[in-house]
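So you can see what is in the structure, the chains are spelled out below.
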Amino acid sequence: MAEVDAVQPNGTPAWIDLGIPDLNRAMDFYGAVFGWEFDVGPEEMGRYTMCLVRGREVAALMPNHDLEATEFWWNVYFATDDVAGTVSKAEAADGQVITPPMDVMDKGRMAILKDPVGGQFGLWHGNKHIGSRLVNEPNTLLRNDLVTPDPGPAREFYPKVFGFSLDSEGHLGEGDFTFLRRPDGHEIGGILGDPSATASSWGTLFMVEDTDATARRATDAGGVVQPPYDMAYGRIAEVKDPFGTPFTIGSAKAG
């Protein structure tokens, strides 16, 4: 487990949030699945709602007011100490700016980008809000990986933007997977080349104590869950919330 009390190093997944049509329904679902408590923000902040474990922020939910929206996803934000400078690097590496750099009151500074293969991600320069304050323990964020049918350009892009190194050593299995590591060697996630993927997206994996039990709670709360299965690193299951938002849950293997 890890309690986070300072701004994370550049390139670290620092925050996640989700915009959905019905905030109350989302709180009911994620509260049932993860036991989260919620701090609903005021109307002037768009009811941006902090999800809490032991009183610490682990994620956020917010109403999506786009009546035409049909797809929803967990947004991952990478830490940076220079949002504008990182945006410039991304543009030079053929990235696309979706939301230009902007201040979020005294909470921090952000931007939203797409990489050259269409994977969307955010940047976060924390101030009063540093990001997730609890990670790598049950019911919190464990990791993010980019799944894409075209991994080559992505593997060129992220090292140029964040200074990541690429490492395929130590991966168990035959998949086309590459670890992304910060300059200090810390693994922040990876890029999975999957020819069957219909689009490129950053996935979100939440750690849980018991994958099967959590999968049952998700089903009972109105989610759609694929059967849990064992892999090299543990037991996982793919879940969609009542709005179709995909995410993954995972626990250590039994025994």
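Residues numbered from 1 in each chain as written. Predicted model: local features only at pLDDT ≥ 70, side-chain atom pairs only at ≥ 80, totals over all residues. Heavy atoms only, no water.

## Some details on the overall build of the protein chain
For step 1, the next point in the chain: Along the protein chain, the regular secondary structure elements total 4 helices and 19 strands.
For step 2, the next point in the chain: Taken along its principal axes, the extent of the C-alpha atoms in the protein chain is 50 × 45 × 40 Å.
For step 3, the next point in the chain: By residue count, 47% of the 255 residues in the protein chain fall in the buried class.
For step 4, the next point in the chain: If you take every contact in the protein chain between residues at least 6 apart in sequence, the share linking residues at least 24 apart comes to 60%.
For step 5, the next point in the chain: Carbon and sulfur atoms provide 50% of the accessible area of the protein chain, an area that totals close to 12,200 Å². (Helix = DSSP H or I, 4+ residues; strand = E, 2+ residues; numbered from the N terminus. Buried < 20%, exposed > 50% of the residue type's maximum accessible area, 1.4 Å probe, protein only. Contact = heavy atoms within 4.5 Å. Areas by Shrake-Rupley, 256 points an atom, 1.4 Å probe, with all protein chains shown as cover.)

## Section: the layout of surface pockets
For step 1, the next point in the chain: A volume near 440 Å³ is recorded for the second largest pocket.
For step 2, the next point in the chain: Taken together, 19 residues line the second largest pocket, and the ones lying closest to its centre are Asp-17, Tyr-48, Tyr-77, Val-104 and Met-110.
For step 3, the next point in the chain: Elements with a contribution of two residues or more to the lining of the second largest pocket: strand S2 (13–20), strand S6 (74–79), strand S7 (96–104), strand S8 (108–114) and strand S9 (120–126).
For step 4, the next point in the chain: Sort the elements by how many residues they give to the lining of the second largest pocket and S7 lands first, with 4 residues. (1 Å grid on protein atoms, 1.4 Å probe; cavity = no way out; pocket = protein on both sides within 12 Å on 5 of 7 lines; lining within 4 Å. Points joined across faces, edges and corners; volume = space filled by probe spheres on them.)

## A closer look at the nonpolar core
For step 1, the next point in the chain: Judged by nonpolar contacts, the single largest core of 52 residues is most densely connected at Tyr-30, Trp-36, Trp-74, Phe-121 and Tyr-158.
For step 2, the next point in the chain: At 7 residues, the largest contribution of residues to this core is made by helix H1 (residues 23–34).
For step 3, the next point in the chain: Counting 9 residues, the second largest nonpolar core, distinct from the first, contains Trp-15, Ala-60, Ile-112 and Trp-124. (Core = buried A, V, L, I, M, F, W, Y, C linked by side-chain atoms within 4.5 Å.)

## Remarks on the environment of Asn-75
For step 1, the next point in the chain: With respect to the element layout, Asn-75 can be found in strand S6.
For step 2, the next point in the chain: Residue class for Asn-75 comes out buried when judged on its relative accessible area of 14%.
For step 3, the next point in the chain: Sequence spacing of Asn-75 and Tyr-30 is 45 residues, and the spatial spacing of their C-alpha atoms is 16 Å.
For step 4, the next point in the chain: In this structure, Asn-75 is in contact with Trp-15, Ile-16, Asp-17, Leu-18, Met-62 and Gln-120, ignoring residues within four places of it in sequence.
For step 5, the next point in the chain: Looking at Asn-75, its side chain comes within polar contact range of the side chain of Trp-73, at 2.8 Å. (Polar contact = N/O pair within 3.5 Å; in protein donor to acceptor, adjacent residues only side chain to side chain.)

## Quick notes on the side chain of Asp-167
For step 1, the next point in the chain: The topology assignment puts Asp-167 in strand S12 (residues 165–167).
For step 2, the next point in the chain: Looking at Asp-167, the relative accessible area reads 18%, which means it is buried.
For step 3, the next point in the chain: Reaching out from Asp-167, the side chain makes a polar contact with the side chain of Arg-181 at a distance of 2.9 Å.
For step 4, the next point in the chain: Not counting the four nearest positions on each side in its chain, Asp-167 is found in contact with Thr-178, Phe-179 and Arg-181.

## Details of the pairing of S2
For step 1, the next point in the chain: Across the 8 residues of S2, 8 count as buried, placing the element largely inside the fold.
For step 2, the next point in the chain: Where S2 and S6 come together, 5 bridges link them in antiparallel fashion. Paired with Ile-16 across the strands is Val-76, a residue of S6.
For step 3, the next point in the chain: Of the pairings in the sheet, the one linking S2 to strand S5 (residues 56–63) comprises 4 bridges and is parallel in character. (Pairing = 2+ DSSP bridges.)

## Remarks on the packing of helix H2 (residues 83–92) against helix H3 (residues 151–162)
For step 1, the next point in the chain: In the contact formed by H2 and H3, the axes pass within 9 Å of each other and the chain directions differ by 150°. One way to sum up the angle between H2 and H3 is to call them roughly antiparallel. Judged by the twist between their axes, the crossing of H2 over H3 is right-handed. Between H2 and H3, the residues in contact are Thr-86, Lys-89 and Ala-90 and Phe-157, Lys-160, Val-161 and Phe-162, respectively.
For step 2, the next point in the chain: Of the residues assigned to the contact of H2 with H3, the class counts are 4 nonpolar, 1 polar and 2 charged. (Axes fitted to C-alpha atoms, helices over the stretch in contact; angles between N-to-C directions. Parallel < 35°, antiparallel > 145°, perpendicular 65-115°, else oblique. Left-handed = near helix turned anticlockwise from the far one by under 90°. Nonpolar A, V, L, I, M, F, W, Y, C, P; charged D, E, K, R; others polar.)

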